[in-house]
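# Coordinate inspection notes
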Amino acid sequence: MKNIILSLLVASSLFAVDHVIDQKGKTFIPHAITVAVGDTLTFKNSDPFAHNAYTDDEANEFDTGMQSPGKPVSAKVLAAGVFNVECAIHPNMLLEVTAK
Ligand SMILES: [Cu+2]
């Protein structure tokens, strides 16, 4: 039984998906996304200036720091829920993440 549970855990992590979100025109593209717990969010920066992506969600807290143009940064989704990701440099940028 233990082995079956372990196999399931390994299998589920193998199916983790990397969701690429672009930061372009001071906008997160897409601006809303549904993911599974264990998936990663990879933030690209296609603008010619720096961006940032952070969330204050307690269960999923992350902050990508200063992201230079062309520099992708990833964050793992740790817990289920709905939370917002914002850019500390451009307060109008908003991404809504639904994690199931
Ligand atoms: Cu920004």
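This text follows the structure it describes.
A brief report on the enclosed structure follows.

Reading guide: rules and limits
- Residues numbered from 1 in each chain as written.
- Predicted model: local features only at pLDDT ≥ 70, side-chain atom pairs only at ≥ 80, totals over all residues.
- Heavy atoms only, no water.
- Phe/Tyr/Trp six-rings, centres within 6.5 Å; stacked < 30°, edge-to-face > 60°.
- Helix = DSSP H or I, 4+ residues; strand = E, 2+ residues; numbered from the N terminus.
- Buried < 20%, exposed > 50% of the residue type's maximum accessible area, 1.4 Å probe, protein only.
- Donors = N, O, S within 2.8 Å, 3.2 Å for Na, K, Ca; no water.
- Tetrahedral: all angles 85-135°; square planar, octahedral: opposite > 155°, others 65-115°.

## Brief notes about the packing of aromatic side chains
As enumerated under the stated definition, the model contains two aromatic pairs in all. Measuring from centroid to centroid gives 5.9 Å for Phe28 and Phe43, while their planes differ by 65°, and the two rings are edge-to-face. Taken together, the positions of Phe28 in strand β2 (residues 27-29) and Phe43 in strand β4 (residues 40-45) put the pair 15 residues apart, joining distant regions of the chain. The class of Phe28 is buried, set by a relative accessible area of 1%. Between Phe43 and Phe62, the aromatic rings sit 6.0 Å apart at their centres with planes inclined by 40°, giving tilted as the arrangement. Of the two residues, Phe43 is situated in strand β4 and Phe62 in strand β6 (residues 62-63); the sequence distance between them amounts to 19 residues. Look at Phe43 and you get buried, because its relative accessible area is 0%. Looking at Phe62, the relative accessible area reads 12%, which means it is buried.

## Quick notes on the coordination of the copper ion
At this site the copper ion is bound by His51 (ND1), Cys87 (SG), His90 (ND1) and Met93 (SD), with donor distances of 1.9 to 2.7 Å. Around the copper ion sit four donor atoms; with metal-centred angles ranging over 93 to 136°, the donor geometry is irregular. Sequence spacing among the residues donating to the copper ion works out to H-x35-C-x2-H-x2-M. Note that His51 is positioned in the loop between β4 and β5 (54-55) and His90 in the loop between β8 (81-86) and β9 (94-99), a separation of 39 residues in sequence. As far as the burial class goes, His51 and His90 line up, both buried.

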